[in-house]
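Examining the three-dimensional arrangement
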Amino acid sequence: MDLHTITEQERVRRQKLVTLYERGIDPYPARCERTHTTKQAKAAFERGELGPDDMVALVGRIMTRRVMGKASFAHIEDGSGRIQIHLRLDRLGEETYNWFFKKMLDIGDIIGVKGPIFRTRTGEITCEVRELTLLAKTLHPLPDKWHGLTDVETRYRHRYVDLMVNPDVREIFIKRARLVRAIRDYLDSEGFIEVETPILQPIYGGAAARPFVTYHNELDQELYLRISFELYLKRLIVGGYERVYEIGRDFRNEGVSFKHNPEFTQLEFYEAYTDYHGVMRRAEELITYAVEQVNGSLCLTYQGHDIDLTPPWPRVPLADIIKERTGIDIFQYRDPDALRRAIQDIGGNPNPQAGWGKLVDSLLSSYVEETLIQPTFIIDYPVDISPLAKRSPDNPEIVERFEGFIGGMEICNAFSELNDPLDQLERFLEQGRALEAGDEEAHPVDEDFILALRFGMPPTGGFGMGIDRLTMIVTDKPSIREVILFPHLRTQLRGLSHPASKVSVVEEQEQ
């Protein structure tokens, strides 16, 4: 629907707006009075703190109303909840009740009411309205109260309406905020320092991903939106901080799926004088602490699966679980072409350009990942897909790296961090050659980071976790778009699709 076209309902509401102005009523006043939220008013009444003569001032959006003769009921909703209000002709007067409330107000309008709290004969806590004020006239109708806002595309595109009419959606983001707060509480209590690193970077790095590119006019320089915080956080370890973390946005120019969004929220922490075994223990502590703070339990349900997060979580070598699930011993097929043929033999369709490490990773994602419902650490990855991780002293073909899985998807990724500047430089050069050969996700050479390592970085464990995916697990949501307030969507080229444009407001009428 084009912004310049209005529905009949909108036309009626706009005429009401004109009438209000003509009567000298400001439909968008600058100030309002509120003594209690709806939740506070109910709680105070339950505790006996509000008597029949105590007036409260409440505000909220009209969500339902039952218009009758000389008395009517409605529900208003603020950020804390919903409360019933009772309006009577003999209390409010003819003009306020019959003209203002019954004719000028609509579902969706934001109002202020003042009056005492009482309990109806049916037991519902209610405000007896003595004063009524319009705080914001709504010109667009809310979605039909019986059918709600259910279209997924519309819900994501017009999230403000989704939040307005779907209380369970608001609860998702309340839980998300509590989850982030709990993560901060844990890390702060363990002596980590929260820091901020650049979002605009001259060299992107820290992950295998295509970057978004931008341009700085004054510096006459191409810059990249960061794909990770890693290289900057490790510079801080070099500088003398022993425990640092950052929670912020990363940007990856990649496909969109149920678990991928071009911008997402990431936690990364780095801890000196530990390795990936120590990071695994800390990851268990961190995740279980945060989930228990939000969920009240370490047992939860995700997409029909009962999941128990109680540590310790299994540590399973990548090669072992691939062999268990596919019958392929990856170390028996060290040549990429041989491994590619082995994958074809079990019905796979491997990338003809992929190297050995990426073929191994494809086995994990195609045959193993979705089976990892209970929390599991998969450990020891190929060196050629882990350019920032330290080699295993027992096998130079693999690195000390783990990924954590819950609910059939990757939740976190961590290493014993590579701190040998010469080895790191050689890995970067190998990645640079892959980048020149057309691998758009290969890691570029970061000379300043190599210089930092030359000053000496202590043995360090690093960790990265997607906040969005953990929120999916905690709130039992199958798509990352459900837990991001404003997920990326393709731009609509032919006008704007407005919620409720094809539905009408349903008001409860007197039976």
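Structure's up top.
My aim in this report is to walk through the structure given alongside it, one point at a time. (Residues numbered from 1 in each chain as written. Predicted model: local features only at pLDDT ≥ 70, side-chain atom pairs only at ≥ 80, totals over all residues. Heavy atoms only, no water.)

**Quick notes on the packing of helix α10 (residues 318-326) against helix α12 (residues 356-368)**
Quick reminder of the rule: Where helices are involved, their axes are fitted lines through C-alpha atoms of the stretch in contact, as for all axes, and angles between N-to-C directions lie from 0 to 180°. Numbering of helices and strands runs from the N terminus; a helix is a DSSP stretch of H or I covering at least four residues, while a strand is a stretch of E covering at least two. Angle categories are assigned with fixed cut-offs, so that under 35 degrees is roughly parallel, over 145 is roughly antiparallel, 65 to 115 is roughly perpendicular, and the rest are oblique. Crossing handedness is read from the near helix: turned anticlockwise from the far helix by less than a right angle, it gives a left-handed crossing, and turned clockwise, a right-handed one. Residue contacts follow a heavy-atom distance rule, with two residues in contact if any of their heavy atoms lie within 4.5 Å.
Taken N-terminus to C-terminus, the directions of α10 and α12 make an angle of 50°; their axes are 10 Å apart at the nearest point. Judged by the angle between their axes, α10 and α12 are oblique. Where α10 crosses over α12, the two elements pack in a sense that is left-handed. Contact residues: α10 offers Leu-318, Ile-321, Ile-322, Arg-325 and Thr-326, while α12 offers Val-360, Leu-363, Leu-364, Tyr-367 and Val-368.

**Describing the side chain of Lys-16**
The criterion, for reference: Definition of a polar contact: a pair of N or O atoms within 3.5 Å, with one able to donate and the other able to accept a hydrogen when the atoms are protein atoms, and with sequence-neighbouring residues admitted only if both atoms are side-chain atoms.
Structurally, Lys-16 can be placed in helix α1 (residues 8-22). Among the polar contacts listed, one links the side chain of Lys-16 to the side chain of Asp-106, at a separation of 2.7 Å. In contact with Lys-16, not counting residues within four places along its chain, are Lys-103, Met-104, Leu-105, Asp-106 and Lys-137.

**Thoughts on the environment of Asn-295**
Basically, it comes down to this: The cut-offs for exposure are 20% and 50% of the maximum accessible area for each residue type, with area from a 1.4 Å probe on protein chains only; residues under the lower value are buried, those over the upper are exposed, and the others partly exposed.
On the secondary structure map, Asn-295 appears in helix α9 (residues 276-295). Overall, Asn-295 belongs to the partly exposed group, its relative accessible area being 28%. Along the primary structure Asn-295 and Glu-285 are separated by ten residues, whereas in three dimensions their C-alpha atoms are 15 Å apart. A polar contact is formed between the side chain of Asn-295 and the backbone oxygen of Ser-297, at a distance of 3.0 Å. For Asn-295, the side chain forms a polar contact with the main-chain oxygen of Cys-299, separated by 3.3 Å.

**Some thoughts on the sheet that holds strand β11 (residues 221-225)**
Strands pair in a sheet through their backbones, by hydrogen bonds, and they do so in one of two ways: parallel or antiparallel. Defined as follows: Criterion used throughout: strands pair if DSSP finds at least two bridges between them.
Spatially, three strands are ordered β9-β11-β10 in an open sheet, and the strand pairing comes out antiparallel. With one partner strand each, in any of the chains shown, β9 (200-201) and β10 (213-216) form the two edges of the open sheet.

**A few points about empty space enclosed by the protein**
Note the cut-off: Whether a set of points on the 1 Å grid over the protein atoms alone is a cavity depends on a 1.4 Å probe fitting there but being unable to get out, while an open set qualifies as a pocket with protein on both sides within 12 Å along at least five of seven lines; lining residues are those with an atom within 4 Å of a point. Grid points are joined across faces, edges and corners, and a volume is the space filled by probe spheres set on the points. Residues are grouped as follows: Ala, Val, Leu, Ile, Met, Phe, Trp, Tyr, Cys and Pro are nonpolar; Asp, Glu, Lys and Arg are charged; all remaining types, including Gly, are polar.
Scanning the model with the defined rule gives one cavity of 30 Å³ or more in all. Taken together, Gln-201, Ile-203, Gly-205, Ser-228, Phe-229, Glu-230, Leu-231, Tyr-232, Arg-235 and Asp-446 form the lining of the largest cavity. Looking at which element gives the most residues to the lining of the largest cavity, the answer is helix α8 (residues 230-239), with four residues. For the lining of the largest cavity, the residue count by class is four nonpolar, three polar and three charged.

**A short note on the packing of aromatic side chains**
Inclusion rule: Each Phe, Tyr or Trp ring (for Trp, its six-membered ring) is paired with any other whose centre lies within 6.5 Å, and the angle between the two planes then decides the class: stacked below 30 degrees, edge-to-face above 60, tilted in between.
Summed over all chains, the structure comprises ten aromatic pairs. Between Tyr-97 and Phe-101, the ring centres sit 6.1 Å apart and the planes meet at 25°, which makes this aromatic pair stacked. Of this pair, Tyr-97 and Phe-101 both sit in helix α4 (residues 94-104), four residues apart, which is roughly one turn of the helix. Neither residue differs from the other here; Tyr-97 and Phe-101 are each classed as buried. Geometrically, the ring pair formed by Phe-377 and Phe-402 is edge-to-face, given 4.9 Å between the ring centres and 65° between the ring planes. Here the residue Phe-377 occupies a position in strand β17 (residues 376-382), and Phe-402 occupies one in strand β19 (residues 395-406), the gap between them amounting to 25 residues. When its relative accessible area of 0% is taken as the criterion, Phe-402 is described as buried.

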